[in-house]
Each structure stands twice: as C-alpha cells, then as structure tokens.
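Coordinate inspection notes
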Amino acid sequence: MIRPDVDLYDGGPVRAGLLLVAVLTGACAGADIPTPSVIDANRSGIALGRLERGRAVYLEKCTRCHSPVAPRDYSSNEWPGRVDEMTDRSKISQDEKQLILTYLTTMSSTPK
Ligand code: HEC
C-alpha cells in the first residue's frame, strides 16, 4: 500500500525536495541578477565567459551607489541609454561598459 502522506511529515525525500526548491528560488529572488547559462550563450551567440565577465563587472562597478537593477527591468533597447547615463558616474572604461551592456541586454526582458 502506498502512503503518499508519510514523507511529508517525517523529513523524508519529499521534505528534502521542498527544501531544495526553497533554496534555489531563494537564491534567484534574492539576487535578481541572473547568472548567464549555456542556453543564454547559445541563443545570443555570445561566449559564456564574456557574459559571466559582464555580470562580474556589472556587480563590481554598478553597485557602489545603489543595489543592482535587474537586467529584466529594462528591454535590450532601453539598457544602452541607462548605461550611458551611468557611465560617467561609474568611472568605467569603454571595455567595461561594453561588457556590462552585453550582459544586461542579453539577460534583459527582451533578450537579443
Ligand atoms: C556614483 C553613483 C552611481 C553609480 C556608480 C551608478 N549609478 Fe545608477 N543611479 C545613480 C543614481 C543617483 C540614480 C537615481 C536616478 C538618477 O539620478 O538618474 C541611478 C539610477 C539608475 C537606474 C535607473 C533606476 C532604476 O531603478 O531603474 C539604472 C538602470 C542604473 N542607475 C544603472 C546603473 C548602471 C548600469 C551602473 C554601472 C554602469 C550604475 N547605475 C552606476 C547613481 C549611480
């Protein structure tokens, strides 16, 4: 006889599964700054390493004055203007600006 209710209450596999889900969703919701995946690299045609560096530079250079804005908060058309406005304030090089922009537009609400 199968007892589907048992594991829910004795800390068996079901609870372990729920805990894992909580940890994973917690990590995503907390940051909102997604880590690029192979899928993002493939659909954008941009090397994963470049996207990862873009994320790192973004978190390093753009969080001094405010918490990082989630890439999905703007479309890929809106991000260049936003980053332009912030470039002088952030003291970033053209290289860094390009990396940041590549990451943000790829992970934006309308990814390229
Ligand atoms: C020297 C401080 C400073 C740095 C560094 C900085 N910002 Fe900002 N940012 C601000 C301020 C202040 C605002 C509030 C609106 C304004 O004044 O334009 C803002 C607003 C924004 C907004 C619009 C508000 C929102 O919540 O959507 C975005 C997007 C943004 N910043 C992105 C960036 C990016 C990307 C970088 C890195 C290239 C960056 N910021 C670096 C000070 C800064």
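Rules used throughout
Residues numbered from 1 in each chain as written. Predicted model: local features only at pLDDT ≥ 70, side-chain atom pairs only at ≥ 80, totals over all residues. Helix = DSSP H or I, 4+ residues; strand = E, 2+ residues; numbered from the N terminus. Contact = placed C-beta atoms within 7 Å. Expected span 1.5 Å × (residues − 1). Near = placed C-beta within 6 Å. Nonpolar A, V, L, I, M, F, W, Y, C, P; charged D, E, K, R; others polar. Core = buried A, V, L, I, M, F, W, Y, C linked by C-beta atoms within 7 Å. Buried ≥ 20, exposed ≤ 12 C-beta atoms within 10 Å, placed from the backbone. Axes fitted to C-alpha atoms, helices over the stretch in contact; angles between N-to-C directions. Parallel < 35°, antiparallel > 145°, perpendicular 65-115°, else oblique. Left-handed = near helix turned anticlockwise from the far one by under 90°.

Here isoleucine 33 shows up in the loop between helix H2 (13-31) and helix H3 (38-44). The spatial distance from the C-alpha of isoleucine 33 to the C-alpha of leucine 59 is 8.7 Å, given a sequence separation of 26 residues. Ignoring sequence-local partners within four residues, the contact set of isoleucine 33 consists of Arg55, Leu59, Pro68 and Ala70.

Between its terminal C-alpha atoms helix H5 (residues 79-90) stretches 15 Å, which fits the 16 Å expected from twelve residues at 1.5 Å a residue. Positive phi shows up at lysine 91, right after H5, with a value of about 55°.

Another point: the site of the ligand. Surveying the vicinity of the ligand reveals 15 residues, the closest of which are Cys62, Cys65, Met86, Arg89 and Ser90. Among the residues making up the shell around the ligand, the classes are represented as seven nonpolar, two polar and six charged.

As a further point, take the nonpolar core. Counting residues in each nonpolar core, the largest one holds eleven residues, listed as Leu51, Val57, Tyr58, Cys62, Trp79, Val83, Leu99, Ile100, Tyr103, Leu104 and Met107. Among the secondary structure elements, those contributing two or more residues to this core are helix H4 (48-61), H5 and helix H6 (94-106). Per-element accounting of this core gives the leading share, four residues, to H6. If sequence neighbours within four positions are ignored, tryptophan 79 has contacts with Tyr74, Leu101, Leu104, Thr105 and Ser108.

Where H4 meets H6, the axes come as close as 8 Å, and the angle between the chain directions of the two elements is 110°. Between H4 and H6, the angle falls in the class roughly perpendicular. Along the contact surface, H4 presents Arg50, Leu51, Arg53, Gly54, Arg55, Val57, Tyr58 and Lys61, while H6 presents Glu96, Leu99, Ile100, Thr102, Tyr103, Leu104 and Thr106.

This part covers the packing of H5 against H6. Any two packed helices are characterised by how steeply their axes cross, that is the angle between the axes, and by the distance between the axes. As a packed pair, H5 and H6 sit with axes 10 Å apart at the nearest point and diverge in direction by 145°. You can see that H5 and H6 cross each other, and the crossing is right-handed. Along the contact surface, H5 presents Trp79, Pro80, Val83 and Thr87, while H6 presents Lys97, Ile100, Leu101, Leu104 and Thr105. Its residues assigned to classes, the contact of H5 with H6 shows six nonpolar, two polar and one charged.

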